[in-house]
Amino acid sequence: MLEALLFAAAEPLSVNDLASRLPAGVDIAAGLAALQTRYATRGVHLVEVAGCWRFQTAGDLAFLMTREREEPRRLSRAGQETLAIVAYHQPVTRAEIEAIRGVQASRGTLDVLLEVGFVRPRGRRRTPGRPVTYVTTDAFLEHFGLASLTDLPGAAEMKAAGLLDLDLPPDFAVPDPSAATPDDDPLDDEAPTEFHTDYLGPEAPEA
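Reading the values: rules and limits
- Residues numbered from 1 in each chain as written.
- Predicted model: local features only at pLDDT ≥ 70, side-chain atom pairs only at ≥ 80, totals over all residues.
- Heavy atoms only, no water.
- Helix = DSSP H or I, 4+ residues; strand = E, 2+ residues; numbered from the N terminus.
- Buried < 20%, exposed > 50% of the residue type's maximum accessible area, 1.4 Å probe, protein only.
- Contact = heavy atoms within 4.5 Å.
- Areas by Shrake-Rupley, 256 points an atom, 1.4 Å probe, with all protein chains shown as cover.
- Phe/Tyr/Trp six-rings, centres within 6.5 Å; stacked < 30°, edge-to-face > 60°.
- pLDDT = per-residue confidence, 0-100.
- Salt bridge = Lys/Arg side-chain N within 4 Å of Asp/Glu carboxyl O.
- Pairing = 2+ DSSP bridges.
- Core = buried A, V, L, I, M, F, W, Y, C linked by side-chain atoms within 4.5 Å.
- Expected span 1.5 Å × (residues − 1).

A.B. asks: I would appreciate a short explanation of the overall build of the chain in the present structure.
C.D. replies: Check the secondary structure of the chain and you find 8 helices and 6 strands. Tracing the chain from N to C terminus, the helices and strands come up as α-α-α-β-β-α-β-α-α-β-β-α-α-β. Within the chain, the proportion of its 207 residues that are buried is 27%. Sequence-distant contacts in the chain: of pairs separated by 6 or more residues, those separated by 24 or more amount to 51%. As displayed, the chain offers around 14600 Å² of accessible surface, 53% of which is attributable to carbon and sulfur atoms.

A.B. asks: Teacher, can you tell me more about the packing of aromatic side chains here?
C.D. replies: The geometry of an aromatic ring pair is captured by two quantities: the separation of the ring centres and the angle between the planes. Within the structure shown, the criterion is met by 2 aromatic pairs. Seen from their ring centres, Tyr 39 and Phe 55 are 4.8 Å apart, and the 55° between their planes marks the pair as tilted. Placement of the pair is Tyr 39 in helix 3 (residues 28-39) and Phe 55 in strand 2 (residues 52-57), with a sequence separation of 16 residues. Here Tyr 39 matches Phe 55 in class, with each residue buried. Centre to centre, the rings of Phe 118 and Phe 140 are 6.5 Å apart; their planes meet at 75°, and the pair counts as edge-to-face. Placement of Phe 118 in the loop between helix 6 (107-116) and strand 4 (119-125) and of Phe 140 in helix 7 (residues 138-143) is noted, with a sequence separation of 22 residues between them. Both residues of the pair, Phe 118 and Phe 140, belong to the buried class.

A.B. asks: Is there a simple way to explain the confidence of the model for the chain in this structure?
C.D. replies: If pLDDT is low for a region, its predicted coordinates should not be looked at in detail. Residues of the chain with pLDDT of at least 70 account for 71%, and the chain-wide mean is 76. The least confident element of the chain is helix 8 (residues 155-160), whose mean pLDDT is 64; the most confident is strand 5 (residues 132-136), at 90. This stretch, residues 190-207, has a pLDDT under 50; its non-local contacts, to residues over four places away or in other chains, come to 12 contacts.

A.B. asks: Just to check I follow, could you spell out the pattern of salt bridges for this structure?
C.D. replies: Overall, the coordinates contain 4 salt bridges when judged by the stated rule. Here Glu 3 and Arg 38 are joined by a salt bridge, their closest N and O atoms 3.9 Å apart. Remark: Arg 38 occurs in helix 3 and Glu 3 occurs in helix 1 (residues 2-8); sequence separation between them is 35 residues. A salt bridge links Glu 81 to Arg 101, with the nearest nitrogen and oxygen atoms 2.9 Å apart. Residue Glu 81 is located in helix 4 (residues 77-89), and its partner Arg 101 is located in helix 5 (residues 94-101); the two are separated by 20 residues in the primary sequence.

A.B. asks: For this particular structure, what's the right way to read the pairing of strand 5?
C.D. replies: On a regular strand, one side chain projects to one face of the sheet and the next to the other, so that they alternate. In terms of burial, strand 5 is largely enclosed, as 5 of its 5 residues are buried. Two elements, strand 3 (residues 92-93) and strand 5, share 2 bridges in a ladder whose sense is antiparallel. By the bridge assignment for strand 5, Thr 93 is matched with Thr 133. Note: strand 4 against strand 5, 5 bridges, orientation antiparallel. Its bridge partner lying in strand 5, Pro 121 is registered against Tyr 134. Taking the residues that link successive antiparallel strands as the turn, the strand 4-strand 5 hairpin has 6 residues, and the phi of Gly 129 there is positive, at about 90°.

A.B. asks: Honestly, unusual backbone geometry in this entry has me stumped. Any pointers?
C.D. replies: What is expected of a backbone is that most residues other than glycine have negative phi and most peptide bonds are trans. Put simply, Gln 90 and Pro 91 share a cis peptide bond, and its omega is -5°. With respect to the helices and strands, the residue Pro 91 is situated in the loop between helix 4 and strand 3. Look at Arg 130: it is not a glycine, yet its phi comes out positive at around 50°. Here Arg 130 is to be found in the loop between strand 4 and strand 5.

A.B. asks: Before we go on, may I ask you to explain the nonpolar core in this structure?
C.D. replies: As a rule of thumb, soluble globular proteins bury nonpolar side chains together. Ranked by size, the top nonpolar core spans 18 residues in total, and within it Leu 83, Val 119, Phe 140 and Leu 152 carry the most contacts. A total of 5 residues in this core trace back to one element, the largest contributor, which is helix 4. Setting aside its immediate chain neighbours within four residues, Phe 140 contacts Leu 83, Ala 87, Gly 117, Phe 118, Leu 146, Leu 149 and Leu 152. By size, the runner-up hydrophobic cluster in this structure holds 12 residues, among which are Leu 18, Leu 22, Leu 32 and Leu 35.

A.B. asks: Would you explain helix 4 in this entry?
C.D. replies: For an α-helix, the turn length of 3.6 residues means that residues three or four places apart are oriented alike. For helix 4, with 13 residues, the first-to-last C-alpha span of 18 Å sits near the 18 Å given by 1.5 Å per residue. Considered for burial, the residues of helix 4 that qualify are Gly 79, Thr 82, Leu 83, Ile 85, Val 86, Ala 87 and Tyr 88.

Now the structure itself:
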């Protein structure tokens, strides 16, 4: 009777719960001990949890109940726009991304692209402030099935897919990322990736 009650219970049962359903005078403690012994070498064990009793899977068989699966991460709209800008305008700085999008870029948006490996820092632009430039990676090409950046869709393909307005200015052209090669200085691994500090000289010793 104890076995039937515990097997059918939706949640752990206390001794009082069991006693309320069993005939008077039943030795519940002895019955629970007997069940524990009987199930000690089986696929399920009788265990006490917070003063209540329940059947649960044996600890050494828990791996059978685990199913691993990959959860695809979807880029936000901001992430997709930022990735497209980097792909077509690379190498590009954060400020240039913001200017093209018309909104301030969230630090987290670019961080996500860096984390998934679609974008990487390339160098520092030879302009005031020495901003970091970003380019796409081989992982970006592999994910989207591109042999090279020249395989990115052009204006005609994007129009056909409905991704560009048909009333674009006649002189509009989709940038060719493979032709964009502005001079960048290599990144200094010891320098911060976002800020450049100019030092005026060593600090003078105190008098």
